[in-house]
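Residue-level structure breakdown
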Amino acid sequence: MTDLLLRDVRLLDGTGADPRPHTDVLVQNGLVAAVGPTGTLVADQPDPDRLTVLDCSGRTLLPGFLDVHVHVSTLPGADALDTVLAPESLLTLRSVPHLAATLDAGVTTARDLAGADSGFRDAVEQGLVRGPRLQIAIRILSITGGHGDWRTVDGTSLDTGPGAGAIADSPAEFVRAVREVLRQGADWVKVAATGGMGSPRSHPESGGLSEPELRAVVEEADRHGGVGVAAHAQGAAGIAAAVRAGVRSIEHGYLVDDATIDLMGEHGTYLVPTLSTLTRPVADGLAPWVAAKRRALKDRAQERLHTALTAGVPVALGTDAGIAPHGTNLTELALLVQHGLSPAAAIVAGTSGAARLLGLEDQLGTVAPGLRADLVLTDVDPLTSIDALADPRHVRLVVQDGRVVKDTTAPDRTDARHG
């Protein structure tokens, strides 16, 4: 690992503060070592022979982004029969380019909310594949017939892999389900607090786990070292029950009502609105029941999410990539702006806000001395052209734990002794 000096950046540090022009950022041993005015840091560099300097004039530096709702093992529009019949090893290997595309889009950390098992997380951590570091939920916990019960009418399971739903029907059964998914290595517990668009026999406003069942999950997860609970929740009643039960994040939140918006603010419950999947074209390879539910719900969901975002609920960037396309994760930033956030607030949602949700705020999400050096360099101004970040070609450099993992700025790079 070499040291890296990013010279003369325009720094957006992920806190929501005003940009800092003409700033240098020094990376050493995988961490941000120093941040200061351009020209002030090289003198403090102990070993100039190992220093690589990158002239970043006219470019903006941000923290590495976090996408807190992905499914790296899923491909949008995939043939359902092919997925059922494919060996698990093939499905896993198909995920390798999804991971790489996510990293190249500027996402250095992601939370996979069903599908990836602990092997995905460990393979990235050990450097076997390129991708964002991962937190995982492995599977969704669901009631019988809920969003997560992927069985035929006669009870035949259509998914027996890592992402298959776990079915339970009482607080005691859900306690056991929590213990089982944590035994398998989950960092998060995911529950189906409502039905959903993608499941054929449930609806976004259908009931999911009851409030006593949700409380049992939250209490059991918390008992195991403060593990967080993420709730798939689309209908108003299920969202409210999940917030009252103490979940850490509401995934989708499409029909959240005013009273629950206030409650989320009081509890500090995060909203992960997954606008990338809500707003994608209805004809994009969707099953008929999915298309019908999305047509019926989309306008109302967009209005409710706009209300929630403008009310100031805590927000974290999540795309539902795998349902939405992989590798264009930062599309979500412009969608957050369209639905009520300022560009600066959208960037916070994808950096320090998302890091706080994942419990990583003391490591990631901002550019500050002592934090892990996850960095993104872009040739656009995100405060005036945030939609341009949807195109990974505008993400010119990605640094993860101090290592350059994507670089399209090579002609600008110089050795410290000649820089």
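Scroll up to find the structure this text is about.
Note that the structure is a prediction, hence the values are computed from the model and not measured.

Another point: the sheet that holds strand 12 (residues 228–233). With parallel pairing, 6 strands are arranged side by side in an open sheet as 10-9-11-12-13-14. Of all strands in the sheet, those with a lone pairing partner are strand 10 (166–167) and strand 14 (270–272), marking the two edges. In this sheet, strand 12 lies alongside strand 11 (residues 188–192) in parallel orientation, the contact comprising 5 bridges. Bridge pairing in strand 12 places Val189 opposite Val229.

Counted under the stated rule, the structure contains 1 cavity of 30 Å³ or more. What lines the largest cavity is Leu12, Asp13, Gly14, Thr15, Gly16, Ala17, Ala344, Ile347, Val348 and Leu383. Its residues assigned to classes, the lining of the largest cavity shows 6 nonpolar, 3 polar and 1 charged.

With that out of the way, let us pick up the environment of Asp3. In this fold, Asp3 is placed in strand 1 (residues 3–11). As for Asp3 and Leu209, which are separated by 206 residues in sequence, their C-alpha atoms are 50 Å apart.

One side chain can pair with another of opposite charge once the charged atoms of both are near each other. For the structure shown, the criterion picks out 19 salt bridges. A salt bridge links Arg133 to Asp401, with the nearest nitrogen and oxygen atoms 3.0 Å apart. Remark: Asp401 occurs in the loop between strand 16 (395–400) and strand 17 (403–407) and Arg133 occurs in strand 8 (residues 133–136); sequence separation between them is 268 residues. Given the relative accessible area of 14%, Arg133 is considered buried. Within this structure, Arg133, Arg372, Asp374 and Asp401 form a network of salt bridges that share partners.

This part is about the layout of surface pockets. Taken as a whole, the second largest pocket holds about 450 Å³ of empty space. If you go around the second largest pocket, you meet 21 residues; those closest to its centre are Val124, Glu125, Arg133, Gln400 and Asp401. Elements that contribute at least two residues to the lining of the second largest pocket include exactly helix 3 (118–125), strand 8 and strand 17. Classifying every residue of the lining of the second largest pocket by side-chain character gives 7 nonpolar, 7 polar and 7 charged.

A few words now on the sheet that holds strand 6 (residues 65–70). Read from one edge of the open sheet, 3 strands run 6-7-8, paired in parallel fashion. The sheet is open, and its two borders are formed by strand 6 and strand 8, each paired with just one other strand. When the angles between neighbouring strand axes are averaged without regard to direction, this sheet yields 20°.

With that settled, the discussion passes to the packing of helix 6 (residues 236–245) against helix 7 (residues 258–267). Contact geometry for helix 6 and helix 7: axes closest at 10 Å, N-to-C directions at 20°. Judged on the interaxial angle alone, helix 7 and helix 6 are roughly parallel. Between helix 6 and helix 7 lies a crossing of left-handed hand. Here helix 6 contributes Ile239, Ala240, Val243 and Arg244 to the contact with helix 7, which in turn contributes Thr260, Leu263, Met264 and His267. Tallied by class, the residues present in the contact of helix 6 with helix 7 amount to 5 nonpolar, 2 polar and 1 charged.

Phi at His22 is positive, roughly 50°, even though this residue is not glycine. The topology assignment puts His22 in strand 2 (residues 20–28). Notably, Asp401 is not glycine yet its phi reads approximately 50°, a positive angle.

This next bit is on the environment of Arg393. Locating Arg393 in the fold gives a position in the loop between strand 15 (375–378) and strand 16. With relative accessibility at 66%, the residue Arg393 sits in the exposed group. For the pair formed by Arg393 and Thr378, sequence separation is 15 residues and the distance between their alpha carbons is 8.8 Å. A polar atom in the side chain of Arg393 sits 2.8 Å from the side chain of Asp391.

In the structure shown here, the tally under the stated rule is 0 aromatic pairs. One residue, Arg111, lies across the ring of Trp188, its end atom 4.4 Å from the ring centre.

Let us now look at the nonpolar core. Val189, Val191 and Ile250 are the most contacted members of the largest nonpolar core, which has 80 residues in total. Ignoring anything within four residues of it in the chain, the contact list for Val189 reads Leu141, Val178, Val181, Leu182, Val217, Ala221, Val227, Gly228, Val229 and Ala230. Counting residues in hydrophobic clusters, the runner-up holds 17 residues, among them Val9, Val32, Cys56 and Val367.

Here the focus is helix 5 (residues 211–223). Taking 1.5 Å as the rise per residue, helix 5 with 13 residues should run 18 Å; its terminal C-alpha atoms sit 18 Å apart, in good agreement. Here helix 5 has its buried residues at Glu213, Leu214, Ala216, Val217, Val218, Glu220 and Ala221. Elements that come into contact with the buried residues of helix 5 comprise helix 4 (171–183), strand 11, strand 12 and helix 6. The first or second residue beyond helix 5 is Gly225, which carries a positive phi of 80°.

Attention now goes to the pairing of strand 5 (residues 60–63). Bridging between strand 1 and strand 5 involves 2 bridges; their strand directions are parallel. Of the residues in strand 5, the one forming a bridge with Arg10 is Thr60. One ladder, built from 4 bridges, connects strand 5 with strand 15; its direction is antiparallel. Bridge pairing in strand 15 links Leu61 to Leu377.

Once that is clear, we can look at the side chain of Thr274. Considering the arrangement of structural elements, one finds Thr274 in the loop between strand 14 and helix 8 (275–278). Looking at Thr274, the relative accessible area reads 0%, which means it is buried. Side chain to side chain, Thr274 and His252 meet in a polar contact 2.7 Å long. If sequence neighbours within four positions are ignored, Thr274 has contacts with His69, His252, Tyr254, Gly318, Thr319, Asp320 and Glu332.

Calculation rules
Residues numbered from 1 in each chain as written. Predicted model: local features only at pLDDT ≥ 70, side-chain atom pairs only at ≥ 80, totals over all residues. Heavy atoms only, no water. Pairing = 2+ DSSP bridges. Helix = DSSP H or I, 4+ residues; strand = E, 2+ residues; numbered from the N terminus. 1 Å grid on protein atoms, 1.4 Å probe; cavity = no way out; pocket = protein on both sides within 12 Å on 5 of 7 lines; lining within 4 Å. Points joined across faces, edges and corners; volume = space filled by probe spheres on them. Nonpolar A, V, L, I, M, F, W, Y, C, P; charged D, E, K, R; others polar. Salt bridge = Lys/Arg side-chain N within 4 Å of Asp/Glu carboxyl O. Buried < 20%, exposed > 50% of the residue type's maximum accessible area, 1.4 Å probe, protein only. Axes fitted to C-alpha atoms, helices over the stretch in contact; angles between N-to-C directions. Parallel < 35°, antiparallel > 145°, perpendicular 65-115°, else oblique. Left-handed = near helix turned anticlockwise from the far one by under 90°. Contact = heavy atoms within 4.5 Å. Polar contact = N/O pair within 3.5 Å; in protein donor to acceptor, adjacent residues only side chain to side chain. Phe/Tyr/Trp six-rings, centres within 6.5 Å; stacked < 30°, edge-to-face > 60°. Lys NZ or Arg CZ within 6 Å of the ring centre and 35° of its normal. Core = buried A, V, L, I, M, F, W, Y, C linked by side-chain atoms within 4.5 Å. Expected span 1.5 Å × (residues − 1).

Scope: geometric values only; no functional claims are made or implied.
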